[in-house]
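Here is what each chain is made of, one letter per residue.
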Amino acid sequence: MANVQRVPIGDRIRSQRRTRGVTQRDLASSVGVSPAYLSLIESDKRQIGGRLLKRIAERLGVPTDAFTAVSDDRLAADLHEVAQRLENAPPGMAAPLVAFSPEWARVILELHTRAITAEARAFRLADRFARDPQWTSFAHDILSRITSIRSAAEILSDDVPLDEAQRARFTDTVVTESARLTDVARDMIAALQTGTAADAAGADVREVDAFLHDNNNYFDTIERRLEADPLPAIAGAPSERFAAARAIIEMRAPTLVDDVIAGHEFRTEGAERRARGAIWRYAAGAALMPYRPFRAAALETRYDIDDLCARFETSFEQVAHRLATLRRPGEEGVPFAFLRVDPAGTVSKRLSTTELRLPLFGACPLWVVYETFAQPGRTLAQMVDLDGERFLLVARTVEKTARRQAQPPTRFAVMLGVAAEHAGAVVYGDAFTSQRDSVITFAGYECLSCKREGCHQRAHGTEGG
């Protein structure tokens, strides 16, 4: 999201102090500052240095990163995103709530996740009822069976004289139609359950995204392992080389993913499978594009993706994804966010950054990532203004399968996004150096929570046709 949500360090210090029953005066005395100065720190009116922060952490018995946790900033950003979707939500409350009680913030997010998952599944079922003839057949079959059972039962319950043959016939009708009704009900329940276990609202995607974001889209364990034991040269097309690299790594280091996710519990098996797949793909990309040589080439070419593809014999998507993982402390690259969408606008991959929180359900239709579908094979760039903050977006379509006769290929659009302050380091930013409004696209984050009025592309909140 364009609006960065960072939990204030002062709020964290005050929350930890109160949780442990330490008075402001006692804490100030033990770390060598005045109570007035500590009060200014807790009110975020004074910056705090590393040494003082360390002394406070030691006095309160918590690790230093309890005050600077990336996961809390991500949690605040997620809460802010939820609030953006609600009418009359109090502004600016996400970060203070996380600082006061990250546990309650997680409860709110969990409830929101369950709500949107239930809503998405309800919409899915309603859509299936409306368009699938199978459900019309179920309804007619059930009504027909119930009518037969009721008619036979009414005759049997009346005082109308019946001979043994007639009574046996109506009794058999009740038994037979009841059995058929049971079978129809079972078939209907089985049809209802088909697909309902799917991640209808992207809860698994959101959880994996949070896991990657908390690790800053970088896994040092994998990078160091591959630097110590690099892969042999692999020939073939980029997709073949990528698959071979993954297979070799899995054979050489079968516990690599277990080592990375050790201690992290995912909510569902689907989320864990998705996370494992993401980590194996990360490893394959890191093997084909070793960190230091790749970063050096990226700096030399000013992040020219086509040039990097040629140098490392990799695809556009593989290079773009790798650029979003150059986060080694002290050896960072430009902090790119990564997004992949299909022609329907469904997000299938995303790597957010602190500066740019990417949408889960589809970005603003004004973003250049969608324009690439009309211009396949071309790399397009855009400087976009999101609520006063500007970002450079670079996108291109990629095809996953070869075109076969009249069958369309499997096509996606891949996009990188970075804050405008880094545009000068990126070759695609040269066209926007003037920063004039004529070269800027004024857009939103996504339609549902967008506050921009008068947008002709709005899919939500518009009046009329």
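Attention in this report is confined to the structure presented alongside it. Computed from a prediction, not measured in an experiment: that's the story for all the values here.

## Considering the environment of Thr379
- By secondary structure assignment, the location of Thr379 is in the loop between α18 (368–371) and β3 (380–386).
- Separated by 74 residues in the primary sequence, Thr379 and Ile305 place their C-alpha atoms 9.1 Å from one another.
- Excluding its chain neighbours within four sequence positions, the residues that come into contact with Thr379 are Asp306, Phe316, Val394, Ala395, Arg396 and Tyr428.
- Polar contacts involving the side chain of Thr379 include one to the side chain of Arg396, which spans 3.3 Å.

## Section: the pattern of salt bridges
- Under the counting rule described, the total for this entry stands at 27 salt bridges.
- Across the salt bridge formed by Arg17 and Glu42, the nearest N and O atoms sit 2.7 Å from each other. Note that Arg17 is positioned in helix α1 (residues 9–19) and Glu42 in helix α3 (residues 35–42), a separation of 25 residues in sequence. In terms of burial, Arg17 and Glu42 fall into one category: buried.
- As a salt-bridge pair, Glu227 and Arg328 come within 3.0 Å of each other at their nearest N and O atoms. With Glu227 in helix α11 (residues 220–228) and Arg328 in the loop between α17 (316–323) and β1 (337–341), this residue pair connects regions lying 101 residues apart in the sequence.
- What makes Glu227 partly exposed here is its relative accessible area of 33%.
- The class for Arg328 is buried, based on a relative accessible area of 2%.
- Bridged by salt links that share partners, the residues Asp220, Arg224, Glu227, Arg292, Arg328 and Glu331 form one connected network.

Quick notes on the rules
- Residue numbers restart at each chain and count upward from 1, following the sequence in its written direction.
- At least 70 in pLDDT is required for a residue's local features to be given in this predicted model, at least 80 for side-chain atom pairs to be given and counted, and no such filter applies to totals for whole chains, interfaces and linings, which use all residues.
- For side-chain calculations, the full set of non-hydrogen atoms in the structure is used, while hydrogens and water are omitted.
- The helix and strand labels rest on DSSP assignments: H or I over at least four residues marks a helix, E over at least two residues marks a strand, and numbering proceeds from the N terminus.
- We call two residues in contact whenever any of their non-hydrogen atoms come within 4.5 Å of each other.
- N or O atoms within 3.5 Å of each other form a polar contact, as long as, within protein, one can give a hydrogen and the other can take it, and as long as residues adjacent in sequence are counted only when both atoms are side-chain atoms.
- Counted as salt bridges are all cases of a side-chain nitrogen of Lys or Arg within 4 Å of a carboxyl oxygen of Asp or Glu.
- Burial classification: accessible surface area is computed with a 1.4 Å probe over protein chains only, and a residue below 20% of its type maximum counts as buried, one above 50% as exposed, and the rest as partly exposed.

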